[in-house]
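Geometric and topological summary
Listed below are the residues making up each chain.
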Amino acid sequence: CPPLGLETLKITDFQLHASTAKRYGLGAHRGRLNIQAGVNENDFYDGAWCAGRNDPYQWIEVDARRLTKFTGVITQGRNSLWSSNWVTSYRVLVSNDSHAWTAVRNESGDVIFEGNSEKEIPVLNMLPAPLVARYIRINPRSWFEEGGICMRLEILGCPLPDPNNYYHRRNEMTTTDNLDFKHHNYKEMRQLMKTVNKMCPNITRIYNIGKSHQGLKLYAVEISDNPGEHEVGEPEFRYIAGAHGNEVLGRELILLLMQFMCQEYLAGNPRIVHLIEGTRIHLLPSVNPDGYDKAYKAGSELGGWSLGRWTQDGIDINNNFPDLNSLLWESEDQKKSKKKVPNHHIPIPDWYLSENATVAVETRAIIAWMEKIPFVLGGNLQGGELVVAYPYDMVRSMWKTQDYTPTPDDHVFRWLAYSYASTHRLMTDARRRACHTEDFQKEDGTVNGASWHTVAGSINDFSYLHTNCFELSIYVGCDKYPHESELPEEWENNRESLIVFMEQVHRGIKGIVKDVHGKGIPNAVISVEGVNHDIRTGADGDYWRLLNPGEYVVGVKAEGYTTASKTCEVGYDMGATQCDFTISKTNLARIKEIMKKFGKQPISLSVRRLRQRARQWR
């Protein structure tokens, strides 16, 4: 049977009860598998249920609210940086009325189940035979002698059908989409991509961006009306997942998304057809397949909080990118600095490019991919929380660990984050319980990354400062690795959000920068008055600039060309405003061309002035 849902929060706080609790922050409502205490471990948010007394009469109880076939129990100790507490053995009891209890027994009497030997690795115990009841109670019998009775748990059970109970029928989530709702290992993921490509050969292409540490190819699927080529004027979008290999839900959502878009395109869904014909979409479901393989082998409930998170060589991909924030901020703080750092397309430092740098091969592959394709908007799907985080992810003050640190495009990022959160079924639900220790409702399911926890070298900050792409981190669920049975509901929770967020790539302005002969000018700088962050044109002279509705003075400059500016208005309707530029070469650039054509180089103005002064002295 699947988990009842302590970790996914399907089981509410009101369904959890205990004999005693050490304090509120260690109450029964905190006794959920993989719940995290955070740094503070305060009276509201701590890392387990802990009994108020250490004796064999303590218990924690789950009310399934309907007859359920119970089959197993998974336990952990207390999540804590400062203390060690876990239960080493326990009894299991069941009841139909919460008064008369029956212990799980075998031929020799009450079964004493073996518990944990440390606090983080989950331990599964299957019942000798399934038991049908409404309530289940865990009664600790022994515990770590230097600690106390503390537990996190998950119950495995199959709720029995109850056609007369309207409450349960109303709350059961179903989906009408005919998709492959299962966890896919590496081979199955590859096969699924091939199946989608075979179904929709005219709009899909499979390619890889590199290899993992263990040599597994990092496969991506492109969805476009002309796969394999960049179309001038068409923006490029990306979703990636699995940077942390054990955060599996994002991986499965991307695999479901590619199936869904193929099916809906074939069915003639006008919204999906319009999106595919006007956007080049890239879906990369598994950035860290080596880490995923470790988590997959352990299973959805038994990997704990971190098994498979890192690459094979122990690197956290999500925070493995160059720290360009520090370079920019140091340059801004030192006004007279000789080394001026631009506010966009900041070069990667030489030390990072050296072979001795601690950089994962997966990270290098992603950077090469980001530099090759002119992405405009991206989302990296993560797990363990339910929130959308936007840059900056790093605080500007070196003395703080949390501080709101906005980018020059803060209003745009906040809108992008809200576009996903507001269309998710649960993210902005004020009645929703916090996953662990953070309540993001005051920001409507969004958060500035640095105000949450500071991180140097995040993919979001790097993408913003090194490329044209605006990237956000989308945390799609409290449970990093939900059971297969949860996937249809998680798909329904996220489906609309995934589509709406892709559509935001068409918000703002777009255009082509050409010379007087109609040829596109690459690498021209596009600036917006009042926003200290520029972007650059692509190889064909085309550009896209994400902006909220309003009127903007937009300027363009390119080496050897005259500057130009115009006012461009962004409306509330979806669809970027066309804002093209035609610029001519400067007189000096023309002279250089003529002189070069005839084999001579022009004398620079500064040298010419020095020679004139020398003649005057004579």
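Residues numbered from 1 in each chain as written. Predicted model: local features only at pLDDT ≥ 70, side-chain atom pairs only at ≥ 80, totals over all residues. Heavy atoms only, no water.

1. A look at the pattern of salt bridges
Counting across every chain of the model gives 31 salt bridges. With a closest N to O distance of 3.8 Å, E486 and K10 form a salt bridge. You can see E486 sitting in the loop between β18 (470–477) and α12 (487–503) and its partner K10 sitting in the segment before β1 (16–18), a full 476 residues away along the chain. Of the residues examined, E486 reaches a relative accessible area of 6% and is grouped as buried. Its relative accessible area of 45% is what places K10 among the partly exposed residues. A salt bridge links D429 to R431; the shortest N-O distance between them is 3.2 Å. Here R431 falls in the exposed class, since its relative accessible area comes to 76%. (Salt bridge = Lys/Arg side-chain N within 4 Å of Asp/Glu carboxyl O. Helix = DSSP H or I, 4+ residues; strand = E, 2+ residues; numbered from the N terminus. Buried < 20%, exposed > 50% of the residue type's maximum accessible area, 1.4 Å probe, protein only.)

2. Quick notes on a nonpolar patch on the surface
Judged by side-chain polarity, V39, L81 and W82 come together as a nonpolar surface patch covering roughly 400 Å² of accessible area. Along the chain, W82 turns up in the loop between β3 (60–76) and β4 (87–95). (Patch = residues over 30% accessible without salt bridge, like charges linked within 9 Å, V, L, I, M, F, W, Y side chains within 5 Å. Areas by Shrake-Rupley, 256 points an atom, 1.4 Å probe, with all protein chains shown as cover.)

3. Section: the sheet that holds strand β14 (residues 280–284)
Reading across from one edge, β11-β12-β14-β13-β15-β18-β16-β17 is the order of the 8 strands in this open sheet, with mixed pairing throughout. Of all strands in the sheet, those with a lone pairing partner are β11 (204–211) and β17 (446–448), marking the two edges. For this sheet, the mean angle separating the axes of adjacent strands, direction not counted, is 25°. Pairing of strand β16 (residues 385–390) with β17, which is carried by 3 bridges, proceeds in the parallel orientation. If you follow V388 over to β17, its bridge partner there is T446. Sheet strands touched by helix α8 (residues 361–372): β11, β12 (217–223), β13 (236–241), β14 and β15 (375–382). Its angle to β11, the strand with the most contacts, is close to 130°. (Pairing = 2+ DSSP bridges. Axes fitted to C-alpha atoms, helices over the stretch in contact; angles between N-to-C directions. Contact = heavy atoms within 4.5 Å.)

4. Some details on the UniProt feature "domain: F5/8 type C" (unreviewed entry) in the protein chain
UniProt records the feature "domain: F5/8 type C" (unreviewed entry) for residues 1–158 in the present numbering. Between the end C-alpha atoms of residues 1–158 there is a gap of 5 Å, over a span that is 0% helix and 44% strand. (UniProt positions renumbered as here; feature names shortened; annotations may be inferred.)

5. Concerning unusual backbone geometry
With an omega of 5°, the peptide bond running from P391 to Y392 counts as cis. When you line up the elements, Y392 lands in the loop between β16 and α9 (410–421). Positioned with a positive phi, H345 is a non-glycine residue whose angle comes to about 45°. The partly exposed category is assigned to H345, whose relative accessible area is 25%.

6. Re the pairing of β16
The element β16 is extensively covered by neighbouring structure, given that 6 of its 6 residues are classed as buried. With burial as the criterion, each face of β16 is covered, one bearing E385, V387 and A389 and the other bearing L386, V388 and Y390. Two strands pair when backbone bridges link them, and β16 and β18 are joined in this way by 5 bridges, in the antiparallel orientation. Looking across to β18, one finds that L386 is bridged to V476. The parallel pair β16 and β17, bridged by α9, forms a crossover whose chirality is right-handed. (Right-handed = clockwise from strand over helix to strand, strands pointing away.)

7. Quick look at the nonpolar core
Formed by 91 residues in total, the largest nonpolar core has its most connected members in Y239 and M261. Of all the elements, helix α3 (residues 249–267) adds the most residues to this core, at 10 residues. Core analysis: the second largest hydrophobic core is formed by 27 residues, L16, V73, F113 and I138 among them. (Core = buried A, V, L, I, M, F, W, Y, C linked by side-chain atoms within 4.5 Å.)

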